[in-house]
Each structure stands twice: as C-alpha cells, then as structure tokens.
Amino acid sequence: MKIARFSRIGFILAAAGSAVGLGNIWKFPYITGENGGGAFVFVYLITVLMIGFTLMIAEMLIGYVGRRDSVSNFEELAPRHKNLWKYGGFMSIAGLIIMTFYSPVIGWTFHFVLLSLGSLPASVEVAKEHFTTLLSLDIGTQIFYHTLVFLFVTTVVARGIKGGIEKLNFFLMPVLIVTMGSMFVYATTLSGFTQSWDFMFGVDWSKLTSASLVTAVGHAFFTLSLGMATILTYSASLPKDSNLVRSSLIVIALDTGIALVAGLTLFTFLYEYGASPSAGPGLVFISLPAVFSEMGVAGHFFAFTFFVALASAGLTSAVSLVEPFIQYLVDRFKFSRLKASVASGLFFYIFGIVAILSTSKEYGEILTFGSKNFFDWADFITASVMLPIGGLIMAIFVGHVMQEERVASVLKRDLGFFYPYWYFSLRYIVPIALFVVVLNLVGVLNL
Ligand code: PFF
C-alpha cells in the first residue's frame, strides 16, 4: 500500500520531534543530576555519536529501502528466513507500551501549564506535597489529562502522515525551539550559569559508576527514538533521493542540543535559587515550580513557557510512538487510518489508566509486581530492555543479514569515504556494546 510522503523538511522536523521529548527536558536533566554531572554527560555524548549515529542511519535505511510498515520491511529485506525476521518489526509494540506511562506524564505537564497561570507552590515542601498528592490521591485529575492526551494524539495520527503528523510538527517544533531557546538566553545572564556549566561539563571520573554508564547508554537510545521502528516507519515515507546521513546528523544535533540547553537552563535556575540538582524525577515537577514561584511574576511567565515547551516536546514524540503500529495495521490488515488510530489509542488509553492507578495510594499495592509498580515496569521493560534489544536486532539485520549491495547502494552515496568505517562499526562495535548493555540490564551481568 502506498504511504503518503513527508516533505524533506517535514521528515526532519517529525524525526526531530520524535527524538526531542520528555526524555530531553524531563529525564536527561534529572538523570544527569542523579549521576553526578560531567562524566555522565561525556559518556552519553560519546554513546550518541558512536552508537546512536551509526544505528540511526541503519534504522533509516530499513524504512527508506523497504518503504512499508516495519514488519513488511524486515520480511521483504531479509534474503532468507523471512518468517523469522519479520518478528523484528514487532518491536513497534514497544511504542504503545511506552505511551501507557508517557501519556500520563504529558498529562502532568498539562496540569502544570494551568498551575503556572494560577498559584505556584511557595516552597519545595509545598511543591512536593502537591506532586505527591497528584500522583497518589488525585486519580481523577490524572485520568482527565490522560484522556485529553489520548483524544489529541488519536485525532492527529488519524489525519495521517502529511495532514496530521507533519502539520503538528511544523507548528510545535518552532514553539519548542523558541521557548527553550529564550529561556536559555535568559539563563546565561544569571550567575548560576557558571555553576551549571561546571556541573554539566566538568568531568570528574570518580563520580561515574558502572550503573551510570549503563544508564547513559540506555538513555541515548530512548532519547534518539531508536530501536522500536519509529525512525524506520517515518523514513518509509521519505522522498526518494533523500540524504540519510545528513538527515540523521540534523536530528541528532537537534536532539542533543536541546537536551544540553534544557540541562544548562534548569541547573542554572536551580543553582540560582539554592535548590539541588540531584532531586530525581521530581526535579521538573517539584524543585522547578518552587524555584519559579520564588521568581515572582516573572516566574509565572517562565513556568508557563517551560511547561508549554515540555508539553509540545511530549506531544510530537507521542504521535511517533503510536505511528509504527498504526502503519502496521493499515499496511498488513487494511485497517482504515481512523480504525487503526482508535485501536492503538484505546490500547494505551486503557493501560495508561492502569499505570495511573498503579501510582495511587488506593490501588498501588495490587498493581505492584515485585519491585516495581505497573508504571515503572512499563518504563523499565521498554526503555531499558525492548529498545536496546530492538537496536541490537536492527544492527545485526542491516550489518549481517541484508545483502551488502543494497546497503552500499544507498549509503556509499551518502557516506562517501566514511562508508567502510560506518559498516564496520555497525557490524561489530554497536552489537557488542548493545549486547553488554542488554546482558547487564536483564541481570546476567552485574556491572
Ligand atoms: N525520544 C523520546 C524522548 O526523548 O522523550 C521518546 C521516544 C519517542 C522513544 C519515540 C522512542 C520512540 F520511538
């Protein structure tokens, strides 16, 4: 089935919109804070360059050459064992599982956008209580915002690649870049900026534990949207004769740039007002609102701007999380786009409610399995297990299974002189690095 095409710039915006998400603005600063700053940032940057870049080109190639949904692409491009390789495409289900916790978090950002227009919590203690209450007692508010996210995302994806996803990114990506950019410019004028810079880029190796090393690698995957067929699905709609290397570089530069800008800005605000950078997941939803409240009237403006940026980043990633599965239903089962969007939407909507209940006081216990509740399992299983495994499958597929002529026919053109280095890295370095991460994550290794 023919898929409506992105325009060239539309593809770059949509792929960057997918990559730049809650992972950049919410997760990256707090895990950097928890893992001691500079050395962690260094490992993350190296991983993005060495593994992320190599793999993004490979994932793009599968979509660009195959031009169909993820399952069909694996099936068609595998010279042998097609029935086995097609399962490589089922990693698209990870996107729906991610959405079960991603959508509630976007819901929190909606809640904070409104809060920034009213009264911000006056101190960290009050902010903490507010956030804990939202999570543990206020199920209704969370489900309300989760419902809005479900309706919004489903409506956008139902309108298709061009009329829905491309348009959304054309509108929200500039909003995100302008809001984060102007906050960053303001942050550079504050005295806390120097401390923030030192924290992010002052490398102190003694602070790097092996666990932070694995976290950095895992995060590089999550933030670049690799390993679950998002980039692959988008690139199936790339215009022919697009340059995959240039597109990958732009997406990676935007994703990394926005993560660094978000980290520097947030830590500047936190240092300026004496809060700690190592506050964990509550950094953005607890420490930051308290800091904004100390800024007075300007704080409301910054809070509004910041949470609008966060919501925009989340929404452009959310559509990319559901699209691969929709494409699969449309292409393989001839579902209409509307039917496929509603079916995928209902999946994450229903399990999203389970995720919300699992953080609540009333239902938390019955929805906790072993050490984690449903919400945390959804995060762990996808970001830490499924995505690295998906990446490993893709690296092996393009590096060892696909006929080299097919790979070379596109990438010799785009990579030129660097092609052999890229191919070597894809065949050996990336799989070995990912294999170690996967073994460690599933507990076989204990780094
Ligand atoms: N890259 C997104 C973020 O950083 O928030 C999350 C994400 C989107 C992960 C799409 C995976 C994906 F396929």
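Every value quoted in this text rests on a predicted model; they were computed, and no experiment measured them. (Residues numbered from 1 in each chain as written. Predicted model: local features only at pLDDT ≥ 70, side-chain atom pairs only at ≥ 80, totals over all residues. Heavy atoms only, no water.)

Caption draft 1: Representation of the packing of helix α1 (residues 8-19) against helix α9 (residues 160-188) within the structure. Relative to each other, α1 and α9 sit at 70°, their axes nearing to 9 Å. The pairing of α1 with α9 is recorded here as roughly perpendicular in orientation. On α9, the residues that touch Ile9, Gly10, Leu13, Ala14, Ala16 and Gly17 of α1 are Ile165, Glu166, Asn169, Phe170 and Met173. Considered class by class, the residues forming the contact of α1 with α9 number seven nonpolar, three polar and one charged. (Axes fitted to C-alpha atoms, helices over the stretch in contact; angles between N-to-C directions. Helix = DSSP H or I, 4+ residues; strand = E, 2+ residues; numbered from the N terminus. Parallel < 35°, antiparallel > 145°, perpendicular 65-115°, else oblique. Contact = heavy atoms within 4.5 Å. Nonpolar A, V, L, I, M, F, W, Y, C, P; charged D, E, K, R; others polar.)

Caption draft 2: Molecular detail of empty space enclosed by the protein. Scanning the model with the defined rule gives two cavities of 30 Å³ or more in all. What the largest cavity holds in volume is close to 140 Å³. What lines the largest cavity is a set of 18 residues, and nearest its centre among them are Ser18, Tyr102, Phe222, Ser225 and Leu321. Breaking the lining of the largest cavity down by element, the ones donating at least two residues are α1, α2 (22-34), α6 (93-117), α11 (210-223) and α15 (297-333). Its residues assigned to classes, the lining of the largest cavity comprises nine nonpolar, nine polar and no charged. Each pocket or cavity is described by its volume, and for the second largest cavity that value is around 50 Å³. Residue lining of the second largest cavity: Leu22, Gly23, Trp26, Lys27, Phe101, Tyr102, Phe222 and Asp379, and that is the complete set. Elements that contribute at least two residues to the lining of the second largest cavity include exactly α2 and α6. Examining the composition of the lining of the second largest cavity, we find that four residues originate from one element, α2, more than from any other. (1 Å grid on protein atoms, 1.4 Å probe; cavity = no way out; pocket = protein on both sides within 12 Å on 5 of 7 lines; lining within 4 Å. Points joined across faces, edges and corners; volume = space filled by probe spheres on them.)

Caption draft 3: Structural detail: the layout of surface pockets. Taken as a whole, the largest pocket encloses approximately 730 Å³ of empty space. Along its surface, the largest pocket is lined by 27 residues, and Lys27, Tyr30, Ile31, Asp379 and Ser384 are the ones closest to its centre. Looking at the lining of the largest pocket, the elements with two or more residues in it are α2, α7 (124-136), α11, β2 (372-373) and α17 (374-401). At six residues, α17 tops the list of elements feeding residues into the lining of the largest pocket. The residue makeup of the lining of the largest pocket, split by class, is 14 nonpolar, eight polar and five charged. For the second largest pocket, the calculated volume is near 210 Å³. Taken together, 13 residues form the lining of the second largest pocket, with Thr47, Ile51, Leu213, Val217 and Ala433 sitting closest to its centre. Counting residues per element, the ones that place at least two in the lining of the second largest pocket are α3 (38-66), α11 and α19 (419-441). Ranked by residues supplied to the lining of the second largest pocket, first place goes to α3 with five residues.

Caption draft 4: Local environment of the site of the ligand. By nearness alone, 15 residues border the ligand, and Ala19, Gly23, Tyr102, Phe222 and Thr230 come closest of all. In the environment of the ligand, an oxygen atom lies 3.1 Å from a nitrogen or oxygen atom belonging to the backbone of Leu22. In this structure, Ser225 approaches the ligand through a side-chain N or O atom, which is 3.1 Å from a nitrogen atom. Burial of the ligand by the protein chains amounts to 100% of its free accessible area of 340 Å². Mapping the ligand onto the cavity grids shows that it belongs to the largest cavity. (Near = heavy atom within 4 Å. Polar contact = N/O pair within 3.5 Å; in protein donor to acceptor, adjacent residues only side chain to side chain. Areas by Shrake-Rupley, 256 points an atom, 1.4 Å probe, with all protein chains shown as cover. Sits in = over half its atoms within 2 Å of the grid points.)

Caption draft 5: Up close: the environment of Tyr273. By the secondary structure assignment, Tyr273 is in the loop between α13 (244-272) and α14 (287-294). In the structure, Tyr273 is positioned 18 residues away from Asp255 in sequence and 27 Å away in space, judged by C-alpha atoms. Residues in contact with Tyr273, not counting those within four places in the same chain, are Val291, Glu294 and Met295.

Caption draft 6: The arrangement of α14 in detail. Across the eight residues of α14, seven count as buried, placing the element largely inside the fold. Tucked inside the fold, the buried residues of α14 contact α6, α7, α13 and α15. After α14 finishes, the residue Gly296 shows a positive phi value of roughly 75°. (Buried < 20%, exposed > 50% of the residue type's maximum accessible area, 1.4 Å probe, protein only.)

Caption draft 7: Local environment of the side chain of Asn24. Relative to the helices and strands, Asn24 is located in helix α2. Dropping the residues within four chain positions of it, Asn24 is found in contact with Ala19, Pro29, Thr223, Asp255, Ala259 and Ala262.

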